[in-house]
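These are the residues of each chain, in order.
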Amino acid sequence: MSDGTALAGPDGGLRCPWALSAPEYLTYHDEEWGRPVHGDDALYERLSLEAFQSGLSWITILRRRPGFRAAFADFKIASVAAFTDADRERLLADTGIIRNRAKIDATLANARVLAQWAPGDLDNLIWSHAPDPAARPAPKALADVPPVTPESTALSKALKKRGLRFVGPTTAYALMQACGLVDDHLESCVARGAF
């Protein structure tokens, strides 16, 4: 059992311990998590998936990600904003995604809100909440990684004020981690600072 510090992966390199619990996690950890993500559609996808993850394990979302992309038109904001009641019913019956009514409704509502924003507004808003990396020491163990920060709380409030739903401070912080606003790879992890 890990004490929350980095563990050796299949290639011998040290990694965040969660990355070694499933092959999908290893790929996600090494190639995506903590790497900077820009672009409104790309950030809308991550925001939506983080909302769907609420109350579930991230592996559940990763394994269904292709289904989510197919169901939600590759998370193109303009396309999802045009979804009809028939599309909503299709989503509620789609076994390739998480069929949670509140999360589906939030994803659709968020697209409709974001479709009214100017291009780049979501990207600019999210990235304006990135903390100064020099102000945060590298975590040595998982216990050093917070679930919420002042920046994620501020981001959550800003998103809610602009009309977005299912964007609490914990979801906002998971988004910040996933999209590279913060680097929460452990200090000895091979992926830390790799971007």
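Parameters and conventions
- Residue numbers run consecutively from 1 along every chain, following the written order of its sequence.
- Only residues with pLDDT of at least 70 are given local features in this predicted model, and only at 80 or more are side-chain atom pairs given and counted; all residues enter the totals for whole chains, interfaces and linings.
- Values shown for side chains rest on all heavy atoms present in the structure; no hydrogens or waters enter the calculation.
- Per the convention used, a helix needs a DSSP run of H or I reaching at least four residues, while a strand needs a run of E reaching at least two, with both numbered from the N terminus.
- With the radius of gyration taken over C-alpha atoms, the globule rule is written as 2.2 Å times the number of residues to the power 0.38.
- A 1.4 Å probe rolled over the protein chains alone gives each residue an accessible area, and that area as a share of the maximum for its type sets the label: buried under 20%, exposed over 50%, partly exposed in between.
- Residues are treated as being in contact if the distance between any of their heavy atoms lies within 4.5 Å.
- Note on areas: Shrake-Rupley with a 1.4 Å probe; residue coverage comes only from the protein chains shown.
- As used in this record, nonpolar core signifies buried Ala, Val, Leu, Ile, Met, Phe, Trp, Tyr and Cys residues forming a set joined through side-chain atoms within 4.5 Å.
- Each reported salt bridge corresponds to a side-chain nitrogen of Lys or Arg within 4 Å of a carboxyl oxygen of Asp or Glu.
- Pairs were defined over the aromatic rings of Phe, Tyr and Trp, the Trp ring being its six-membered one, requiring ring centres within 6.5 Å. Orientation was assigned from the angle between planes: stacked under 30 degrees, edge-to-face over 60, tilted for the rest.
- Only when the NZ of Lys or the CZ of Arg is both within 6 Å of the ring centre and within 35 degrees of the ring normal is a charge said to sit over the ring.

Asks: So, the overall build of the protein: which residues are in play, and what are the values?
Replies: Counting its secondary structure elements, the protein contains nine helices and two strands. On C-alpha atoms alone, the protein measures out to a radius of gyration of 17 Å, which is about the 16 Å that the 2.2 N^0.38 rule sets for 195 residues. In terms of overall dimensions, the protein has C-alpha extents of about 50 × 35 × 25 Å along its principal axes. A buried classification covers 47% of the 195 residues belonging to the protein. Looking at the protein alone, contacts between residues at least 24 apart form 66% of all its contacts between residues at least 6 apart. Accessible surface computed for the protein: about 9,200 Å², of which carbon and sulfur atoms make up 55%.

Asks: Help me get a handle on the nonpolar core, residues and values and all.
Replies: Among the nonpolar cores identified, the biggest contains 47 residues, and Tyr44, Phe68, Phe72, Leu91, Leu122 and Leu159 are the most heavily contacted of them. If you look at the next biggest cluster of nonpolar residues, it comprises five residues, including Ala6, Leu186, Cys189 and Ala191.

Asks: Go over unusual backbone geometry, please, and point to the residues and values.
Replies: Here Phe75, not a glycine, exhibits a phi torsion of approximately 60°, which is positive. Within the fold, Phe75 resides in the loop between helix H3 (58-71) and helix H4 (77-81). By relative accessible area, which is 0% here, Phe75 ends up buried. Positioned with a positive phi, Phe166 is a non-glycine residue whose angle comes to about 60°.

Asks: Give me the pattern of salt bridges: which residues, what numbers.
Replies: Where charged atoms from two side chains of opposite charge approach closely, those side chains can pair. According to the stated counting rule, one finds 15 salt bridges in the structure shown. The closest approach of N and O atoms between Asp105 and Arg88, which form a salt bridge, is 2.5 Å. Of this pair, Asp105 sits in helix H6 (residues 101-114) while Arg88 sits in helix H5 (residues 85-93), and the two are 17 residues apart along the sequence. A salt bridge links Glu187 to Lys140; the shortest N-O distance between them is 3.0 Å.

Asks: Tell me what's going on with the packing of aromatic side chains, and back it up with residues and numbers.
Replies: Under the counting rule described, the total for this entry stands at ten aromatic pairs. With a centroid separation of 5.6 Å and an interplanar angle of 45°, the aromatic rings of Tyr28 and Trp58 are classed as tilted. Taken together, the residues span a long stretch of sequence, with Tyr28 in helix H1 (residues 23-31) and Trp58 in helix H3 at a distance of 30 residues. Using a relative accessible area of 6% as the deciding quantity, one classes Tyr28 as buried. Between Phe72 and Phe83, the ring centres sit 6.5 Å apart and the planes meet at 15°, which makes this aromatic pair stacked. Residue Phe72 is located in the loop between H3 and H4, and its partner Phe83 is located in the loop between H4 and H5; the two are separated by eleven residues in the primary sequence. Since its relative accessible area comes to 12%, Phe83 is described here as buried. The rings of Tyr44, Phe52, Phe68, Phe72, Phe75 and Phe83 are connected pair by pair, giving a single aromatic cluster. Over the aromatic face of Trp117 sits the side chain of Arg162, whose NZ or CZ is 3.9 Å from the ring centroid.

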